[in-house]
Amino acid sequence: MNILLLGSGGREHALAWKLAQSPKLSKLYCAPGNAGIEQLAECIDLQVTDHSGILKFCKANDISYVIIGPEGPLVDGLADELEDAGIGAFGPSAYASQLEGSKGFTKDLCAEFNIPTAAYKRFTEATSAKAFLDEMSIPVVIKADGLAAGKGVIIAETRKQAEQAIDDCFAGSFGEAGHEVVIEAFLEGEEASLFALCDGQSAMLLGTAQDHKRVGDGDTGPNTGGMGAYSPAPVMTQEMIDRTMSDIIVPTLAGMHSRGHPFKGILYAGLMLTEKGPELIEYNVRFGDPECQVLMPRLKSDLLELMLAASEGSLLEHDAQWSDDVALTVVLASKGYPGSYDKNTNIENVESAEETGAIVFHAGTAKDDDKLLATGGRVLNVTALASSVSEAQTSAYHAVDKIDWANGFCRRDIGWRAVEREKG
Ligand code: AMP
Ligand code: GLY
């Protein structure tokens, strides 16, 4: 079958790499893609926001299945539009994508179906939001309701900061996303993520991971899209996984089903492992980036077959095989990221990194003749597999050090929590 993959990040390169191994695949297209994806798929000059262009392309090229990488087009209803046009889509409907697109929607679902999460309230204006602070202890968490590219969450350490955050949200700091505000209790614990493939009724565990959101070593500096990840996350013991599946994922699917909007696609649960057990911080309705780059290399089964089963509602008939190895990925970013950075700087010797056995997934890259150029903030994901996080970390950095890119940088401590645990 002909497949169109949408997106241009390291996540989509990892998906393309895995999809390209499927015997079910005839031809893979990707829009818009990047210089890494170009080696596996025909890249098309179409943006993921151009729904009508995507539909036209699918019809003209006999595409029977579209895999939607990022959340934007899902929240904007692209999966529904494709299905209305008789084209299969991997990813939830617009209604079901509210699990990521509206924090208030998810909190209400949690309240209705008894899913463990921080206490909260929703607000559409500042006066009552500020009055609610009287009932909350500090720190308190202020969230813009809608999609804010990971920036709409403020952990307020003082009442004054909380009031400022409320004013900023309603004043438009996060655009449309801030027209509604969720105020919630601060949860203490260690964060981890769990990924489940869902077919509307049942869920299949894909794995656990830990991301590194801050730009600097030791988790310092501003938040980013993610500077590195590893999978599985040792903090997610079998007990934590079982409790997350039974107390969070399963009731979410049941809740969505009972509302008449079954969830199909990836449920990415951001969790806080509190004293009481796993609690939901937030849902995303797609693979994580860079978490996907550590899930795909561990999957032995056919990804396309599993995705199709999720779309068709037949996941229970399938089983996924996973490597026992740990995967760890280090993100190389342009100096200045997550702030401003130079574009079109030269990268060399990526092949030398690959020769060590590492897999290099591209994000913001483009080719200019034979030259590889950095075109984005996050640019490469150097990924290694090994039998422990410590060994995978050593291998990944060994490969990173083969790459010559004067304008690039990376964190040097990806995996530190798990490495410390392994040291005992
Ligand atoms: P979110 O976009 O909702 O995942 O939030 C971004 C980050 O803010 C999370 O990864 C957490 O580190 C932090 N965070 C969000 N909500 C809470 C909470 N209720 N308690 C503690 N930390 C939180
Ligand atoms: N790595 C965080 C995310 O994909 O949202």
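Our structure's up above, just so we're on the same page.
Residues numbered from 1 in each chain as written. Chains lettered and ligands numbered in written order. Predicted model: local features only at pLDDT ≥ 70, side-chain atom pairs only at ≥ 80, totals over all residues. Heavy atoms only, no water.

A. Quick look at helix α8 (residues 159-171). The first and last C-alpha atoms of α8 sit 18 Å apart over 13 residues, in line with the 18 Å expected at 1.5 Å per residue. Residues of α8 that are buried: Ala-162, Ala-165, Ile-166 and Cys-169. Viewed end-on, α8 has its buried residues packed into an arc of 100°, placing them on one side of the element. Looking at α8, the residues exposed on the side facing more than 90 degrees away from the buried face are Lys-160 and Ala-171. Tucked inside the fold, the buried residues of α8 contact α7 (126-132), β7 (140-144), β8 (153-156) and β9 (181-185). After α8 finishes, the residue Gly-172 shows a positive phi value of roughly 100°. (Helix = DSSP H or I, 4+ residues; strand = E, 2+ residues; numbered from the N terminus. Expected span 1.5 Å × (residues − 1). Buried < 20%, exposed > 50% of the residue type's maximum accessible area, 1.4 Å probe, protein only. Arc of directions from axis to C-beta. Contact = heavy atoms within 4.5 Å.)

B. Local environment of a negative patch on the surface. There is a patch of like negative charges on the surface, built from Asp-76, Glu-81, Glu-83 and Asp-84. One can find Glu-81 in helix α4 (residues 78-84). Looking at Glu-81, the relative accessible area reads 30%, which means it is partly exposed. (Patch = residues over 30% accessible without salt bridge, like charges linked within 9 Å, V, L, I, M, F, W, Y side chains within 5 Å. Areas by Shrake-Rupley, 256 points an atom, 1.4 Å probe, with all protein chains shown as cover. Salt bridge = Lys/Arg side-chain N within 4 Å of Asp/Glu carboxyl O. Lys, Arg positive; Asp, Glu negative; His and termini not counted. Charge placed at Lys NZ, Arg CZ, Asp CG, Glu CD.)

C. Quick look at the packing of aromatic side chains. Taken as a whole, this structure holds five aromatic pairs when the rule is applied. Between Tyr-95 and Phe-105, the aromatic rings sit 5.5 Å apart at their centres with planes inclined by 85°, giving edge-to-face as the arrangement. On the criterion of sequence distance, the pair formed by Tyr-95 in the loop between β5 (88-90) and α5 (98-101) and Phe-105 in helix α6 (residues 103-113) is long-range, its members being 10 residues apart. The interplanar angle of 45° and the centroid separation of 4.5 Å between the aromatic rings of Phe-195 and Tyr-268 together place this pair among those described as tilted. With Phe-195 in strand β10 (residues 190-199) and Tyr-268 in strand β15 (residues 264-274), the pair connects residues that are 73 residues apart, well separated along the chain. There is no split in this pair, since Phe-195 and Tyr-268 are both buried. Taking the ring centre of Phe-105 as reference, the NZ or CZ of Arg-259 above it sits at 5.2 Å. (Phe/Tyr/Trp six-rings, centres within 6.5 Å; stacked < 30°, edge-to-face > 60°. Lys NZ or Arg CZ within 6 Å of the ring centre and 35° of its normal.)

D. Highlighting the sheet that holds strand β21 (residues 371-374). Strand order in this open sheet of three strands is β18-β21-β20, and the pairing throughout is antiparallel. Edge strands, defined here as strands with exactly one partner in the open sheet, are β18 (345-347) and β20 (365-368). Looking at each pair of strands side by side, their axes are set apart by 45° on average, direction ignored. Looking at chain direction, β18 and β21 are connected through three bridges and run antiparallel. Bridge pairing in β21 places Thr-345 opposite Ala-374. (Pairing = 2+ DSSP bridges. Axes fitted to C-alpha atoms, helices over the stretch in contact; angles between N-to-C directions.)

E. Broad picture of the site of ligand 2. The full set of residues close to ligand 2 is Asp-211, Gly-225, Tyr-268, Asn-284, Arg-286, Gly-288, Asp-289, Pro-290 and Glu-291. Gly-225 is positioned such that a nitrogen or oxygen atom in its backbone is 3.1 Å from a nitrogen atom of ligand 2. One of the side-chain N or O atoms of Arg-286 is found 2.9 Å from an oxygen atom in ligand 2. Starting from 200 Å² of accessible surface for ligand 2 in isolation, the protein chains cover 86%. Of the residues belonging to the shell around ligand 2, the class tally is two nonpolar, three polar and four charged. (Near = heavy atom within 4 Å. Polar contact = N/O pair within 3.5 Å; in protein donor to acceptor, adjacent residues only side chain to side chain. Nonpolar A, V, L, I, M, F, W, Y, C, P; charged D, E, K, R; others polar.)

F. Local environment of the sheet that holds β9. Taken in spatial order, the four strands line up as β6-β9-β7-β8 in an open sheet, and their pairing is antiparallel. The sheet is open, and its two edges are formed by β6 (120-123) and β8, each paired on a single side. Each strand of the sheet is rotated relative to its neighbour by a mean of 20°, with strand direction disregarded. The pairing of β6 with β9 spans four bridges and is classified as antiparallel. Within the sheet, the bridge partner assigned to Phe-123 lies in β9 and is Val-181. Helix-sheet contacts for α6 involve β6, β7, β8 and β9, and the interaxial angle to β6 is about 140°. Strands in contact with α8 are β6, β7, β8 and β9; relative to β7, the strand with the most contacts, it is inclined by about 5°.

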